[in-house]
Amino acid sequence: MYNCAVILAAGKGKRMKSVIPKVLHKVCGKEMVNHVIDTLREGGVEDINIIIGTGAEKVKVNTSSKNVSYSLQDTQLGTGHAVKCAKEFLKSKKGTVAIFNGDAPLITADIVKKLIAFHEDNNFTATILTSIVENPYGYGRIIRECNGEVKKIVEHKDCSKDELEVRELNAGMYCFDVEALLVALEKLSNNNCQGEYYLTDVIEILKNDGKKIGAIPVEFEETMGINSRVQLAEVEKIMRKRINLKHMENGVTLIDPDSTYIDSDVVIGNDTIIYPNNVIEGKSVIGEGCVLYPSSRIKDSIIAKNVIVQNSVILESNIGENTTVGPFAYIRPESNIGKHVRIGDFVEVKKSTIKDNTKVSHLTYIGDAEVGEKCNFGCGTVVVNYDGKTKNKTIIGDNVFIGCNANLVSPIKINDNSYIAAGSTITKEVPEEALAIARTKQINKEGWVTKKGLNK
Ligand code: UD1
Ligand code: CA
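The rules behind these values
- Residues numbered from 1 in each chain as written.
- Chains lettered and ligands numbered in written order.
- Predicted model: local features only at pLDDT ≥ 70, side-chain atom pairs only at ≥ 80, totals over all residues.
- Heavy atoms only, no water.
- Patch = residues over 30% accessible without salt bridge, like charges linked within 9 Å, V, L, I, M, F, W, Y side chains within 5 Å.
- Areas by Shrake-Rupley, 256 points an atom, 1.4 Å probe, with all protein chains shown as cover.
- Salt bridge = Lys/Arg side-chain N within 4 Å of Asp/Glu carboxyl O.
- Lys, Arg positive; Asp, Glu negative; His and termini not counted.
- Charge placed at Lys NZ, Arg CZ, Asp CG, Glu CD.
- Helix = DSSP H or I, 4+ residues; strand = E, 2+ residues; numbered from the N terminus.
- Donors = N, O, S within 2.8 Å, 3.2 Å for Na, K, Ca; no water.
- Buried < 20%, exposed > 50% of the residue type's maximum accessible area, 1.4 Å probe, protein only.
- Near = heavy atom within 4 Å.
- Polar contact = N/O pair within 3.5 Å; in protein donor to acceptor, adjacent residues only side chain to side chain.
- 1 Å grid on protein atoms, 1.4 Å probe; cavity = no way out; pocket = protein on both sides within 12 Å on 5 of 7 lines; lining within 4 Å.
- Sits in = over half its atoms within 2 Å of the grid points.
- Nonpolar A, V, L, I, M, F, W, Y, C, P; charged D, E, K, R; others polar.
- Axes fitted to C-alpha atoms, helices over the stretch in contact; angles between N-to-C directions.
- Parallel < 35°, antiparallel > 145°, perpendicular 65-115°, else oblique.
- Contact = heavy atoms within 4.5 Å.
- Domains from an automatic or database assignment.
- Buried area = accessible area lost by both parts, 1.4 Å probe.

Here we take up a positive patch on the surface. Residues Lys-12, Lys-14, Arg-15 and Lys-157 make up a contiguous surface patch of positive charge. For Lys-12, the position within the fold is in the loop between β1 (2-9) and β2 (26-27).

See the structure below:
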């Protein structure tokens, strides 16, 4: 019976050269530590404890939706010391605990299950996940006896010349028998190159106590850890490839997967076609049959089916089915765009609702407005929502026709079926079915050019 895990996430990550704690750096839009949490959950682990220390509050806030518990490691004295800090969490547990570094987000649920099953089926006291690579630079090495049994793990910095030749690395993901682990942790010393209490030393301690240790090698693409920005980019690339593969397998066309950037938790319907240089972020959901022409950024937005987007930015908004957006549109947060709407070139929409079948084809700003159905915005319309102090609201009914280059000075109401003459600056409510004209009358000065001697 297996159900608990500890994730080590207290380290600073010196090599990242960052004010952000390492485990909060994002890989495909999701913090490393949240990848590890989600994967452990998917692998069947319910009860998860996170060791926090560096930027503890930040790590807590960023994992707050995950239903995990926390242990505090005040000073970062090493990975062994970190696990010791989870004593309160561990002391009531029996059986297996999985211990995972928080900086290796490529691990998959299948491997988590495999590790646990291997550990329990063989009655090991400790089982180490490993990988075999050409150059395991920086990783702890798995040192085996002549008969192949695991003897110990030696950290890169503590390796002898011979040990450096070993190609099997410690992935920093383990299963332990809880009770044996707690006993062994008490015996750790910091007598090593880095003066730290290494979790890895627990292996040799258990071995010397006559316990059975297992090790299970898996692909390096499952186990890569992130210590630097270079490794962050390498891991990102692998993760991105996986994500893109998944979407293609689900029936999404990616014209060029190498230049398509989709965050981990994005959902995309089948028969959607995505052209190069699209960036789809956060919790975005894209419906079926959409076409995303090149170069858009879509963040935390819900796009319904059959939507066409090109060269635009859509943030925290909803777009209804059969609507087209762009090129060069900017949909800012909290906008709700209906069905069969056209948001054309150089149109900015901010915190506004636009109902079905309305057309805003070019060069328009709509802010803090509620717009009804079947309206038509002429080129160059501006909703004047800001008076220098407050953002005011604009309400536009259904079937309103707004001529080109109109200003709608908020707060204002434009009622159903009305017309606004081109070039008007509207400051008063427009009644239903009225035509509002708010501009000076045209004067033609006959013969003016000749009189001034300006003929060409
Ligand atoms: C560790 C392993 C190494 C393994 C590698 C795999 C040890 C001693 N070494 O090395 O054998 O090959 O991972 O990637 O365990 N942390 C704390 N508190 C601390 C120190 C670290 O919570 O006091 C956390 C970090 O936030 C990180 C994880 O533990 O998530 C690993 O720490 P890191 O310093 O990256 O260890 P490595 O040198 O990579
Ligand atoms: Ca590491």
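Here the focus is the coordination of the calcium ion (ligand 2). Around the calcium ion (ligand 2), the protein contributes the donor atoms Asp-103 (OD) and Asn-227 (OD1), at 2.3 to 2.5 Å from the metal centre. A residue pair is termed long-range when its members are at least 10 positions apart, and Asp-103 in the loop between β6 (96-101) and α5 (109-121) and Asn-227 in the loop between α9 (220-223) and α10 (229-249) qualify at 124 residues. The two residues Asp-103 and Asn-227 agree in class, both being buried.

Turning our attention to the site of ligand 1. Ligand 1 sits among 24 residues. The nearest are Leu-8, Gln-73, Thr-79, Glu-155 and Asn-170. Ala-10 has a polar backbone atom sitting 2.9 Å from an oxygen atom of ligand 1. For ligand 1, an oxygen atom lies 2.6 Å from a polar atom in the side chain of Glu-155. Calculation on ligand 1 without its partners gives an accessible area of 750 Å², and the protein chains cover 91% of this total. Assessed atom by atom at 2 Å from the grid points, ligand 1 resides in the largest pocket. At the level of elements, β1, α3 (79-84) and β10 (168-177) are the ones that each hand at least two residues to the shell around ligand 1. Counting residues per element, the shell around ligand 1 draws most heavily on β10, which supplies 3 residues. Residues belonging to the shell around ligand 1 are distributed by class as follows: 8 nonpolar, 12 polar and 4 charged.

Two elements in contact, helix α7 (residues 178-185) and helix α8 (residues 201-208), have axes separated by 10 Å at closest approach and are oriented at 105°. Viewed along their axes, α7 and α8 adopt a mutual orientation that is roughly perpendicular. Contacts between α7 and α8 involve Ala-180, Leu-181, Ala-184 and Leu-185 from the first element and Val-202, Ile-205 and Leu-206 from the second. The class makeup of the residues in the contact of α7 with α8 is 7 nonpolar, no polar and no charged.

Turning our attention to the domain arrangement of the chain. When its domains are assigned, the chain resolves into domain 1 (3-223) and domain 2 (250-436). In this assembly, 5 residues from domain 1 lie in contact with 4 residues from domain 2. Summed over both partners, the interface of domain 1 with domain 2 comes to about 280 Å²; 37% of that surface belongs to carbon and sulfur atoms. Counting the surface domain 1 buries against domain 2, the share from its top three residues, Cys-28, Gly-29 and Lys-30, is 89%. Linking Lys-30 and Asp-265 is a salt bridge whose minimum nitrogen-to-oxygen distance equals 3.2 Å. Connecting domain 1 to domain 2 are 3 residue pairs in polar contact (both at pLDDT 80 or more). Considered class by class, the residues forming the side of domain 1 that touches domain 2 number 2 nonpolar, 2 polar and 1 charged.

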